[in-house]
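Residues per chain are reported as follows:
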Amino acid sequence: MAAVGGMLASAVIKVVIGQIGSAIGREIKLHRNMKNDLENMKMTLESLEAVLSDAETRSVTDNSALLWLKRLKNAIYDISGMLDDFEADTGLLAATMNKIKMPRKMKEMQKRLQKIADNRNNYRVLPETRSKEKQVPDTRETAGNVEEAEIIGRTNEKLEILACISGSTTQGTTIIPICGIGGIGKTTLARLVFNDSKFKEYSRVWVYVSQKFELKKIGNIIISQLSQERPISDDLHSIDTRLRELFTGNRILIILDDLWERNPSDLQKLKAMLKHGEGSKVLVLVTTREKNIAQEIGTVDPFELPPLSDQMCWDILKVKSMFETRQDKERLEPIGKEIAKMCGGVALAAQSLGHMLKSKTYDVWDSIRSNHTWNLCAAKETSSTHEVLASLLLSYNFMPPHLKLCFAYCAIFPKGHNMISDDLIHQWIALGFMEPSSTFSTWQLGESYITKLLEMSFLQHSKIDSSYFEQRKDATRFIMHDLVHDLARSVMADEYNLEGPNCRYAWLKDCDTSSNIYLLEHASPAELKISQLEYVKSPEEAHSINLSEKQTILELTLFWTNGANRSVDDMELLTELVPQPL
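What you see as residue numbers is a count from 1 along each chain, following the sequence as written. It should be noted that, the model being predicted, local features are given only for residues of pLDDT at least 70 and side-chain atom pairs only at 80 or more, the latter also being counted only at that level, while totals for whole chains, interfaces and linings use all residues. To get the side-chain values, all heavy atoms of the structure are used, and hydrogens and water are removed first.

J.: Sorry if this is basic, but what is going on with the overall build of the protein chain here?
T.: For the purposes of this entry, the term helix denotes a DSSP run of H or I that reaches at least four residues, the term strand denotes a run of E that reaches at least two, and both are numbered from the N terminus. In terms of helices and strands, the protein chain carries 25 helices and 11 strands. Within the protein chain, contacts between residues separated by at least 24 positions form 73% of all contacts whose residues are at least 6 apart in sequence. Per-residue and other accessible areas follow the Shrake-Rupley method at a 1.4 Å probe size, with only the shown protein chains counted as cover for residues. As displayed, the protein chain offers around 26500 Å² of accessible surface, 48% of which is attributable to carbon and sulfur atoms. Here, two residues are considered to be in contact whenever any of their heavy atoms come within 4.5 Å of each other.

J.: Explanation requested: the environment of Asn 119 in the structure shown.
T.: The residue Asn 119 is located in the loop between helix 5 (92–118) and helix 6 (143–151) in this model. In this scheme, a residue with accessible area under 20% of its type's maximum is buried, one over 50% is exposed, and one in between is partly exposed, where area comes from a 1.4 Å probe on protein chains only. Its relative accessible area of 23% is what places Asn 119 among the partly exposed residues. For the pair Asn 119 and Trp 68, spaced 51 residues apart in sequence, the C-alpha separation works out to 8.2 Å.

J.: What should I look at first to understand the sheet that holds strand 5 (residues 303–304) in this one?
T.: The strands making up a sheet associate through backbone hydrogen bonding, with each pair oriented either parallel or antiparallel. With parallel pairing, the five strands of this open sheet are ordered in space as 2-3-4-1-5. Only two strands of the sheet have a single partner each, and these edge strands are strand 2 (203–210) and strand 5. Paired strands are those between which DSSP finds at least two bridges. Relative to strand 4 (residues 281–288), strand 1 (residues 172–179) runs parallel, the two being bridged by eight bridges. The partner of Ile 176 across the bridge, within strand 4, is Leu 285. Angular values range over 0 to 180 degrees, each being the angle between N-to-C directions of two axes fitted as lines to C-alpha atoms, with helices fitted over their stretch in contact. Along the sheet, helix 7 (residues 155–167) contacts strand 1, strand 4 and strand 5; its crossing angle with strand 1, the most-contacted strand, is approximately 160 degrees.

J.: Could you clarify how one ought to interpret the packing of aromatic side chains in this entry?
T.: By convention here, two paired aromatic rings are described through the distance between centres and the angle between planes. In this scheme Phe, Tyr and Trp rings, the latter by its six-membered ring, pair at centre separations within 6.5 Å, and the angle between planes marks the pair as stacked below 30 degrees, edge-to-face above 60, and tilted otherwise. This structure, assessed with the given rule, holds nine aromatic pairs. Taken together, a centroid distance of 5.3 Å and an interplanar angle of 85 degrees make the contact between Phe 194 and Trp 206 edge-to-face. Highlighted residues: Phe 194 in helix 8 (residues 186–194) and Trp 206 in strand 2, separated in sequence by 12 residues. One aromatic cluster in this structure is built from Trp 314, Phe 323 and Trp 365. Two conditions define a charge located above a ring, namely a distance within 6 Å from the ring centre to NZ of Lys or CZ of Arg, and an angle within 35 degrees of the ring normal. A cation over an aromatic ring shows up here: Arg 204 above the ring of Phe 194, its NZ or CZ 5.4 Å from the ring centre. Here the guanidinium or amino end of Arg 331 rests over the ring plane of Tyr 362, the centre of that ring lying 3.6 Å away.

J.: Please clarify how the environment of Glu 157 should be interpreted in this entry.
T.: Counting through the fold element by element, Glu 157 comes out in helix 7. A relative accessible area of 9% means that Glu 157 is categorised as buried. Taking the C-alpha atoms as reference points, Glu 157 and Val 193, separated by 36 residues in sequence, lie 9.8 Å from one another.

J.: Teacher, can you tell me more about helix 22 (residues 482–491) here?
T.: Burial runs high along helix 22: nine of the 10 residues are buried. Restricting attention to buried positions, one finds in helix 22 the residues Asp 482, Leu 483, Val 484, His 485, Asp 486, Leu 487, Ala 488, Ser 490 and Val 491.

J.: Sorry if this is basic, but what is going on with the sheet that holds strand 8 (residues 477–479) here?
T.: Read across the open sheet, the three strands follow the order 6-8-7; overall the sheet is antiparallel. The two strands at the open ends of the sheet, each matched to only one other strand, are strand 6 (419–420) and strand 7 (460–461). Relative to strand 8, strand 7 is paired through two bridges, and the arrangement is antiparallel. Within strand 8, the residue paired with His 461 across the bridge is Phe 478.

Now the structure itself:
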């Protein structure tokens, strides 16, 4: 998916306008003229905010609008950093110097903002034309509605898969591939089979494979879920031996979700790893987008998942939008059916759009039907996924600004990562992403944001049994569909790029080589996670990235693998990594 990093600007500007408003309200350390400067800056930002909807939409295909948005966004980040520096608890000398320098910085920043505002016409950015729509009264959506929307249209396919499994009466391993375009419902179908009562006597395993194919990792995940054992080793022979022991004489259902590996040699090795165990009956469902992969990995013909019918997409839209509870449903139905056709038979598109349309007025439904984002995405994305890309972009565009920022932040996690709900909320709060509220606490707001993202299908409950995790087994975990993750990465393209000049959020995984941790040497993110620190070879390697001097870091999270051997003492490593207090 092409980068659409400009589409984060409306979220960032809303947060910084609030930050300026708080500074004005508190009048902390304000120079006598600084309050006026802040008020002028706030008014300029509010004027710029009014044109962002058009600019963000145009930035999908218009490079000039994208460039304008990036310049604006960079200026906004600089304003935020300037205010953070000024309000920091520094020593007397530093505070005095700040008071002397800040008025000049303010005036320079105001000139920079005004220049960006004046250049708006040069970049063909138009004022906001969409009026603020009133929403019709909302009705609480239940978990049952979410489940109903997910399974619409896949009952027959589930029965066909079960019939194929029933037809395989011989012992051994049967691998059934399910292929189809992204977002069409392959994982949903696999989950329906996985949860079917037919397999209640089976040991069941769910593996998210992803684009990074690691045979040893797949084997170790299967071992962990079948035996509650920790990964046994990096030795493939030992993994094969343990799998043979676990498979022998047992009935096992394995889901390999989202397989991308095209190398026939690697796929044959995977098949061989799954064919162990005497007297066993192992059923493997593999989901993949590519038919060639399905043909190579399967022991039976691939099951090609067809697109949903327009009627099925309309049924999903109705469930997700609470259509049947509306008083204007007869008037909305023709529009809704046209929107359903635009979903291209893709379940994810219908789910995200359906929730976005819930409680929206007739005018909004009509504007979605005629929105030029459909044409923009068709021009930008030549693959068959342009319908789901358009629907996700439209749904993202209609998010409140603070929710946009919280969603986009999830881009720092790798695809398939199991995000822990409490940790995610803590991180959002620490980074100042929450909308100020006199009614709800920041924690309650975080929980409501997660609920909203779940309802939109932008987050999904983890499919892996909690017993698989070594720690925090009771924690609630979420994952992102890979297409939704693509959207988050494209929106956050500038902010999470370690090698870019505007990196603000980073999560460095797999520090098994010095080159990985060296990537942080020139990055100054606001939020940073580093995992697998046991692989750092020396204190000098940690010191070389100058992390202790990076004052821009608002939140730093360090991870060691539980029970792993260390090359460097933990406290010695912390001394080199933790930023020193001001």
